[in-house]
Amino acid sequence: MKKIELEIVALSHSITQTHSYAVVLGEVNGLRRLPIVIGGFEAQAIAVALEKMQPSRPLTHDLMKNFMTAFNIELHEIIISDLQEGIFYSKLVCSSDNDTIEIDSRTSDALALAVRFGCPVYTYEHILESAGILMEDPGTTGKKKKSPSISSPEEEAGSKGDLKSMSLEDLNTLLNEVLEQEDYIRAIAIRDEINNRKKD
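On a predicted model such as this, the values are computed, not experimentally measured, just so you know.

## Some details on the overall build of the chain
Scanning the chain for helices and strands turns up 7 helices and 9 strands. Counting all 200 residues of the chain, 41% fall into the buried class. Restricting the contact set of the chain to residue pairs at least 6 apart, pairs at least 24 apart contribute 60%. About 11,700 Å² of surface is accessible on the chain, with carbon and sulfur atoms providing 51% of the total.

## Observations concerning the layout of surface pockets
Approximately 720 Å³ is the volume found for the second largest pocket. Taken together, 33 residues line the second largest pocket, and the ones lying closest to its centre are Gly-86, Ile-87, Phe-88, Arg-191 and Asp-192. Among the secondary structure elements, those contributing two or more residues to the lining of the second largest pocket are strand 3 (32-38), strand 4 (74-84), strand 5 (87-95), strand 6 (100-106), helix 3 (107-117), helix 4 (125-131) and helix 7 (184-199). For the lining of the second largest pocket, the element with the most residues is helix 7, which contributes 8 residues. Split into classes, the residues belonging to the lining of the second largest pocket amount to 13 nonpolar, 11 polar and 9 charged.

## A few points about the pairing of strand 4
Note on strand geometry: in a regular strand, side chains alternate between the two faces of the sheet. In terms of strand pairing, strand 4 meets strand 5 through 9 bridges, oriented antiparallel. Paired with Glu-77 across the bridge in strand 5 is Val-93. What sits between strand 4 and strand 5 in their antiparallel hairpin is a turn of 2 residues, with Glu-85 showing a positive phi close to 50°. Bridge analysis of strand 4 against strand 7 (residues 121-124) gives 3 bridges, and the strand direction is parallel. Across the sheet, Ile-80 pairs through a bridge with Thr-123, a residue of strand 7.

## So, the nonpolar core
With 30 residues, the main nonpolar core has Val-23, Leu-25, Leu-34 and Ile-78 as its most contacted residues. Element by element, the count of residues in this core is highest for helix 3, at 5 residues. Sequence-distant contacts of Ile-78, defined by excluding residues within four places in its chain, comprise Lys-91, Leu-92, Ala-110, Leu-111, Ala-114, Cys-119, Pro-120, Val-121 and Tyr-122. The next biggest cluster of nonpolar side chains, apart from the first, holds 18 residues, and it includes Val-24, Met-135, Tyr-184 and Ile-185.

## Focus on the pattern of salt bridges
The tally for this structure, following the rule as stated, stands at 10 salt bridges. The shortest N-O distance in the salt bridge between Arg-116 and Asp-62 comes to 2.6 Å. With Arg-116 in helix 3 and Asp-62 in helix 2 (residues 60-70), this residue pair connects regions lying 54 residues apart in the sequence. Residue class for Asp-62 comes out buried when judged on its relative accessible area of 18%. Across the pair Arg-191 and Asp-192 runs a salt bridge whose closest N-O atoms are separated by 3.0 Å. Here Asp-192 falls in the partly exposed class, since its relative accessible area comes to 32%. What emerges from the salt-bridge pattern is a single network uniting Glu-27, Arg-32 and Glu-125.

## Here we look at the side chain of Ser-105
Residue placement: Ser-105 occurs in strand 6. What makes Ser-105 buried here is its relative accessible area of 13%. Among the polar contacts made by the side chain of Ser-105, one reaches the main-chain amide nitrogen of Ala-110 at a distance of 3.4 Å. Apart from residues no more than four positions distant in its own chain, Ser-105 is found in contact with Tyr-89, Ser-90, Leu-92 and Ala-110.

Scoring rules and cut-offs
The residue count restarts for each chain, going from 1 along the sequence in the order it is written. With the structure being a predicted model, the display of local features is reserved for residues of pLDDT at least 70 and the display and counting of side-chain atom pairs for 80 or more, all residues being used for whole-chain, interface and lining totals. The basis for every side-chain value is the complete set of heavy atoms in the structure, and neither hydrogens nor water enter the calculation. Counting from the N terminus, the helices are DSSP H or I runs at least four residues long and the strands are E runs at least two residues long. Only protein chains enter the accessibility calculation, which uses a 1.4 Å probe; a residue is then buried when its area is under 20% of its type maximum, exposed when over 50%, and partly exposed in between. Residue contacts follow a heavy-atom distance rule, with two residues in contact if any of their heavy atoms lie within 4.5 Å. We get accessible surface area from the Shrake-Rupley algorithm with a probe of 1.4 Å; when it comes to residues, only the shown protein chains can shield them. A pocket, in this scheme, is an open set of points on a 1 Å grid over the protein atoms alone with protein on both sides within 12 Å along at least 5 of 7 lines, while a cavity is a set where a 1.4 Å probe fits but cannot get out; residues line either one if an atom lies within 4 Å of a point. Grid points are joined across faces, edges and corners, and a volume is the space filled by probe spheres set on the points. Note that Gly is not counted as nonpolar here; it falls among the polar residues with everything else outside the nonpolar set of Ala, Val, Leu, Ile, Met, Phe, Trp, Tyr, Cys and Pro and the charged set of Asp, Glu, Lys and Arg. Two strands form a pair only when DSSP identifies at least two bridges running between them. The set of buried Ala, Val, Leu, Ile, Met, Phe, Trp, Tyr and Cys residues whose side-chain atoms join them within 4.5 Å is what this entry labels a nonpolar core. A side-chain nitrogen of Lys or Arg and a carboxyl oxygen of Asp or Glu constitute a salt bridge if their distance falls within 4 Å. We define a polar contact as two N or O atoms separated by no more than 3.5 Å, with the added condition that, inside protein, one atom must be a possible hydrogen donor and the other a possible acceptor, whereas residues neighbouring each other in sequence contribute only through side-chain atom pairs.

This is the structure we're talking about:
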């Protein structure tokens, strides 16, 4: 299967869902985004590395990197390899002096390590097809690449119950609006509702 390279484009927080964050991955040289819901501690671990902060003592992912480096284990890439019932599965592709292995990992942990090692992040077409969101703004393709943004909390536009009463056309319009506001937590809920309707 052909791998598609992704990069972290944003970390988003939801004020209405306590401890709910989304890490948003963008397709390199493409318009699709892959938002993944993660917990607060995982978001902090990614944010610390993105902002190049130096904690006084190593955090868990810093410790893991130090451990791997001490034993000559390199992290070459991470692959978001599967999506089952809304849960993303990832693999760390690592090598030592005489072996290359794939290690199962939570996606949030894999991303926190990828940022620390500076290694690429990949996924497959079927995952982007089922869980990705297309950013329909061709005017941004020529612009200078932005560094990942860590957005401030924003109110969600309504609840999941409201989405069920909306038409498919209204859902697509709302999806574009929340994407413009970079409210990726809300976008995930809308995307899931649209996908559920397509299955019916």
